[in-house]
Amino acid sequence: MCDLVQKAIQVNLEELFRDGINDVAFAVRSSAVGEDSNLLSAAGQNETFLNCKGIRSIEEAILRCWASAYRLESVEYRRHHGQPIQTSIAVVVQAMIDSDVAGVMFTCDPATGNPAKVFVTANYGLGESVVSGRAEPDTIILSRNHKNELALLDRQVGKKDLKIICDEKGNTKEVEVPLNDRSKDCLDDNIALRVGELGILTEKYFGNPRDNEFAISKGKIFLLQSRPVTHLHNWTDFELTHELDSPVVTSTDIYTKANTGEVFPNATSPLSTTLIAKSLDLAIQSNFVKRFGGSFIVQPQINRFVTVSHHHAMLNVIDTMLSNNEPEISAANRAVDMAVFGHIVTTNEMLQRGIQRFGTLSYFKKT
């Protein structure tokens, strides 16, 4: 580390803490450019050092924070997400809070983004046990109305079998939580509501939902860090699975892959979905115009016969196989079942749906 930086660190710390600098424990936290945003969170990719005492210990931790930006995990994370490999990294030096309780608070449901719920997770000791997942914390869910008024909605007491504390040697260590304390709530209702209110203030200030780290010492709440809730607007697995699904015209349709599965055995690509499946459907719709004349109208805006669901092309059973019906299940129905499915599928209920839609006059009688 160059002399200029060393001197700046010492002068500023001495100005803040006077002669007691060697008696204060510090947290040295990395904060890389592009580390935390609405889309990406590199939490845990770069180093953070706790309970650093003395100028030399702080300087060493700063150097290791800088170096951590180029360790394998951090470099691969940036490369994978299209960020510059060569990046700048700031280091924040904070006085450590000898916390009784610490944890993480989301100003919305982190899974669904629902702003009507505020999630607070907490454990005894330092928040590292919560952030790292080394202990099962308490979870408090607060309800939130349009006026940002909070109320206790739900509470789940975690096992809290261990906590992380600072020792006298300037290190952190894991210790077991006494059995009597494990079954107790580490946050009472009043403190939980105050933590939630602090989260709403950070949300108003930054203008988006926040992921906050907090510590509580002797009843006083300290905000340690605030970052945007990551991936809040990313697509869910459900949305990705059903992105290209065809509109469902009625709730009585039945779909099958029994025939299309031979042509499209795997999930179809967006190009196949929009081009091939659509072309097949329009071809069948045009054929129905020839069969039924003006009573059938081509609807190019929907896939009526060859539909797409879960990225798989499927046939509409009612429209394709039950458009020529007799009053009862016929030999023709059974023949189609065997040809398409390999076994009898048509039931009286399915037949009645077809009759309701197309009537009982067969195609051959119409012509």
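Here is a short report on the structure shown in this document. Once a new chain begins, its residue numbering starts again from 1 and follows that chain's sequence as written. Totals for whole chains, interfaces and linings use all residues, but because this is a predicted model, local features are given only for residues with pLDDT of at least 70 and pairs of side-chain atoms are given and counted only at 80 or more. Side-chain descriptors were evaluated using all non-hydrogen atoms of the structure, hydrogens and water having been removed beforehand.

**Describing the packing of aromatic side chains**
- Under the pairing criterion, centres of Phe, Tyr and Trp rings, with the six-membered ring standing for Trp, must be within 6.5 Å; the plane angle then separates stacked pairs below 30 degrees from edge-to-face pairs above 60, leaving the rest tilted. Throughout the structure, instances matching the rule amount to four aromatic pairs.
- Arranged with centres 5.1 Å apart and planes meeting at 90 degrees, the rings of Phe17 and Phe26 form a pair that is edge-to-face.
- Partly exposed residues are those whose accessible area sits between 20% and 50% of the maximum for their type, while under 20% is buried and over 50% is exposed, using a 1.4 Å probe and protein chains only. Residue class for Phe17 comes out partly exposed when judged on its relative accessible area of 25%.
- The buried category is assigned to Phe26, whose relative accessible area is 1%.
- Taking 4.6 Å as the distance between ring centres and 45 degrees as the angle between the ring planes, the aromatic pair formed by Phe288 and Phe305 counts as tilted. One end of the pair, Phe288, is in helix α9 (residues 270-292); the other, Phe305, is in the loop between α9 and β13 (306-309), with 17 residues separating them in the sequence. Residues Phe288 and Phe305 agree in their burial class; the two are buried.
- In textbook terms, an aromatic cluster arises when at least three aromatic residues are bridged by ring pairs, as seen for Phe288, Phe305 and Phe358.
- A ring has a charge above it when a Lys NZ or an Arg CZ is no more than 6 Å from the ring centre and no more than 35 degrees off the ring normal. Looking at Arg78, its charged tip hangs above the ring of Tyr70, at a distance of 5.6 Å from the centre.
- A cation over a ring is seen here: Arg210 above Phe206, with NZ or CZ 3.9 Å from the ring centre. Elements are defined by DSSP. Helices are runs of H or I of four residues or more, strands are runs of E of two residues or more, and each kind is numbered from the N terminus.

**Considering the nonpolar core**
- In this structure, Val120, Leu187, Val195, Phe214 and Ile216 are the most contacted members of the largest nonpolar core, which totals 19 residues.
- The set of elements that each furnish at least two residues to this core consists of β4 (101-106), β5 (117-124), β6 (138-144), α6 (189-206) and β10 (210-217).
- Aside from chain neighbours lying at most four places away, what touches Val195 is Met105, Val120, Phe214, Ile216 and Ile221.
- To form a nonpolar core, buried Ala, Val, Leu, Ile, Met, Phe, Trp, Tyr and Cys residues must be joined to one another through side-chain atoms within 4.5 Å. Listed in part, the 15 residues of the second largest apolar core include Phe264, Val308, Phe341 and Met350. Whether two residues touch is decided by their heavy atoms; if any such pair falls within 4.5 Å, the residues are in contact.

**Points about a nonpolar patch on the surface**
- Patches here are clusters of residues that have more than 30% relative accessible area and form no salt bridge, with a 9 Å joining cutoff for like charges and a 5 Å cutoff for nonpolar side chains (Val, Leu, Ile, Met, Phe, Trp, Tyr). We get accessible surface area from the Shrake-Rupley algorithm with a probe of 1.4 Å; when it comes to residues, only the shown protein chains can shield them. A carboxyl oxygen of Asp or Glu within 4 Å of a side-chain nitrogen of Lys or Arg is what we treat as a salt bridge. On the surface, a cluster of nonpolar side chains totalling about 370 Å² of accessible area is made up of Leu271, Leu275, Ile276 and Leu280.
- Turning to its location among the elements, Leu280 is positioned in helix α9.

**Considering the pattern of salt bridges**
- Here the structure, examined in full by the defined rule, presents 18 salt bridges.
- We note a salt bridge from Lys160 to Asp138, for which the minimum N-O separation is 2.7 Å. With Lys160 in the loop between β7 (150-156) and β8 (162-166) and Asp138 in strand β6, this pair connects stretches of sequence that are 22 residues apart. Here Lys160 and Asp138 have matching classes, each one buried.

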